[in-house]
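Listed here are the chains, written in short residue letters.
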Amino acid sequence: MIVAVLSGKGGTGKTLVSVNLASISEESTYIDCDVEEPNGHLFFKPKAVVSEDVLVKYPEVDNALCNGCRKCVDFCKFNAIAYIKDKLLIFKEICHSCGGCMIVCPKNALREEDRKIGEIKRGLSGQINVNIGILNPGEASGVPIINGLLKDVKNYRGNIFIDCPPGSACTVMESIKDADYCLLVAEPTLFGVHNLEMVFNLVNLFKKPHGVLINKWINDDNPVTEFCKEKGIMILEKIPFDNNLGKINSNGKIAVKEGNYYKKIFSSILEKLYEEVQDERTINP
Amino acid sequence: MKILIPVEKKSIDGEVCKSFGRAPFFLVYDTETKASSFIKNNAADSRGGAGIKAAQLVVDNKVDGLITPRCGQNAADVINAANIKIYKTINNSIKDNIEEFLENKLEILGDIHPGFHEYGGK
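Please read these numbers as outputs of a predicted model, since none were measured by experiment.

Looking only at helices and strands, chain B features three helices and five strands. In chain B, the succession of α and β elements from N to C terminus is β-β-β-α-β-α-β-α. Since a compact globule built from 122 residues should have a radius of gyration of about 14 Å, the 13 Å found for chain B is in line with a globular shape. Projecting the C-alpha coordinates of chain B onto the three principal axes gives extents of approximately 45 × 25 × 25 Å. With 122 residues in all, chain B has 48% of them scored as buried. Accessible surface, chain B: about 6100 Å² in total, of which carbon and sulfur atoms supply 48%. A distance of 7 Å separates the average location of the 16 positive side-chain charges in chain B from that of its 16 negative side-chain charges.

Structure representation (structure tokens):
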């Protein structure tokens, strides 16, 4: 099964949850799609790492061929091209690699070039396949990196856990596309419920089966539990507020390896995920 | 000499717009004829790269100077490439800024900011 772990904001526990679920599975793949600040590798410390560059296309101009018609300038919806003093000025970082400027150019004055925006690292941590996407600072969009990470997601081994970027923007949509199930991690606060609503709306839009995992739970009198009741969302599990868990996590250790108590919590989440995905496959084969 | 100012409304008595790229209108003021005209900024509702598109408009209007409270890096690259000077406003009154400009008192905008937002369509 492919499980995407997401949340409306950072720091709710996406990485904690996906790293521990991957660790407790017999066979698993962990994919860090939080390409702006991937941190799953801090826990897994993968070995035998292989890197590949992620390249995107952008246009270069041959000013000798350009006749100044500005068709490319008018075409670009991202305004990545300006025409100043009889010359094209191209803003590579703004270009979204659609290739439209090259199609509309009547003089074939534009050609495609590659540039590196980041990389993908793949390695092993024990039996776990670890895949990490890294976007270079200052780049506009991590989507091409996530595409590269998830291109062969269906061929990956065992349970697949996708550690999504925070929020509900394009990079998150790209990350959940192939997921069988979306696990929404939320904090039981007013702020938490606001962010939960964002991702809840997103997974509904994509018609993805989903459930909520409350992290840092104290008691059932909280806005997230209320929201889930009101919307009829299943709460898969509650991870109690726990200083020790925070300590384990901030030391880069994997909680399920630090004692039976945490093992039980994450085993229970994994069992419920199996059930949910199984049910879903029976209803919508 | 022609100067351009991002403005909120089509009125010379109105206020300078705080944003350059997403200002609704631009005032073009001719320092010789004292004539002012307003153009709609068609970059204002861009998904991304509004500064670049607005800067293109500035260049296409063949002005000699831009007077603005602030300007992003990409827009400044376009305007600089056309050798147009960027001046910093002293307050939000259009008239005050024109007056200061005519008396050569406006300073060149030094603090070009790297942009306030993620590029569009992310």
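In this section: the overall build of chain A. On a plain count of helices and strands, chain A comes out with ten helices and eleven strands. Principal axes of the C-alpha set define a box for chain A whose edges measure 70 × 45 × 40 Å. Out of the 285 residues belonging to chain A, those deemed buried represent 52%. Considering only contacts in chain A between residues 6 or more positions apart, those separated by 24 or more positions represent 74%.

Below, the discussion takes up the sheet that holds strand β9 (residues 181-186) of chain A. Residues and elements named next belong to chain A. Strand order in the open sheet formed by nine strands is β3-β6-β7-β2-β8-β1-β9-β10-β11, and the pairing between neighbours is mixed. Here the strands that pair on one side only, and so sit at the sheet edges, are β3 (47-61) and β11 (235-240). Between one strand axis and the next, the sheet turns by 20° as a mean value, whatever way the strands run. Bridge count between strand β1 (residues 2-6) and β9: four bridges; the pairing is parallel. When the sheet's bridge partners are listed, Val-3 is paired in β9 with Tyr-181. Most of the contacts of helix α1 (residues 14-24) go to strand β8 (residues 159-163), to which it runs at about 165°, and overall it touches β1, β2 (28-32), β7 (128-135), β8, β9, β10 (210-217) and β11. Lying on the sheet, helix α5 (residues 143-150) is in contact with β2, β3, β6 (110-125), β7 and β8; it crosses β6 at an angle near 50°.

Moving on to a positive patch on the surface. On the surface, a cluster of positive charge is made up of Lys-45, Lys-47, Lys-253 and Lys-257 of chain A. Checked against the element boundaries, Lys-253 of chain A lands in the loop between α9 (243-250) and α10 (260-283).

This part covers the pairing of strand β3 (residues 36-40) of chain B. Residue and element names in this part refer to chain B. Examined bridge by bridge, strand β2 (residues 25-30) and β3 share five bridges and lie antiparallel to one another. What sits directly across from Leu-27, in β3, is Phe-38. Hairpin connection between β2 and β3: a loop of five residues separates the two successive antiparallel strands, and Lys-34 in this loop has a positive phi of roughly 65°.

A few words now on the domain arrangement of chain A. In many reports, interface size means the accessible area that the parts give up when they come together. Domain annotation of chain A identifies domain 1 (2-54 + 118-283) and domain 2 (63-108). Just the C-alpha atoms count here: the centres of domain 1 of chain A and domain 2 of chain A sit 40 Å apart.

Turning our attention to the nonpolar core. Within soluble globular proteins, side chains that are nonpolar tend to cluster in buried spots. Residue and element names in this part refer to chain A. Core analysis: the largest hydrophobic core is formed by 38 residues, its most contacted members being Leu-6, Ile-31, Ile-162, Ile-176, Leu-184 and Leu-196. No other element matches helix α7 (residues 190-205), which puts six residues into this core. The contact partners of Ile-176, leaving out residues within four places of it in the chain, are Ala-4, Leu-6, Cys-164, Cys-182, Leu-202, Val-203, Phe-206 and Lys-208. Among the nonpolar cores identified, the runner-up in size contains 34 residues, and Ile-24, Ile-239, Ile-265 and Val-277 belong to it.

The rules behind each value
- Residues numbered from 1 in each chain as written.
- Chains lettered and ligands numbered in written order.
- Predicted model: local features only at pLDDT ≥ 70, side-chain atom pairs only at ≥ 80, totals over all residues.
- Heavy atoms only, no water.
- Helix = DSSP H or I, 4+ residues; strand = E, 2+ residues; numbered from the N terminus.
- Rg over C-alpha atoms; globule rule 2.2 N^0.38 Å.
- Buried < 20%, exposed > 50% of the residue type's maximum accessible area, 1.4 Å probe, protein only.
- Areas by Shrake-Rupley, 256 points an atom, 1.4 Å probe, with all protein chains shown as cover.
- Lys, Arg positive; Asp, Glu negative; His and termini not counted.
- Charge placed at Lys NZ, Arg CZ, Asp CG, Glu CD.
- Contact = heavy atoms within 4.5 Å.
- Pairing = 2+ DSSP bridges.
- Axes fitted to C-alpha atoms, helices over the stretch in contact; angles between N-to-C directions.
- Patch = residues over 30% accessible without salt bridge, like charges linked within 9 Å, V, L, I, M, F, W, Y side chains within 5 Å.
- Salt bridge = Lys/Arg side-chain N within 4 Å of Asp/Glu carboxyl O.
- Domains from an automatic or database assignment.
- Core = buried A, V, L, I, M, F, W, Y, C linked by side-chain atoms within 4.5 Å.

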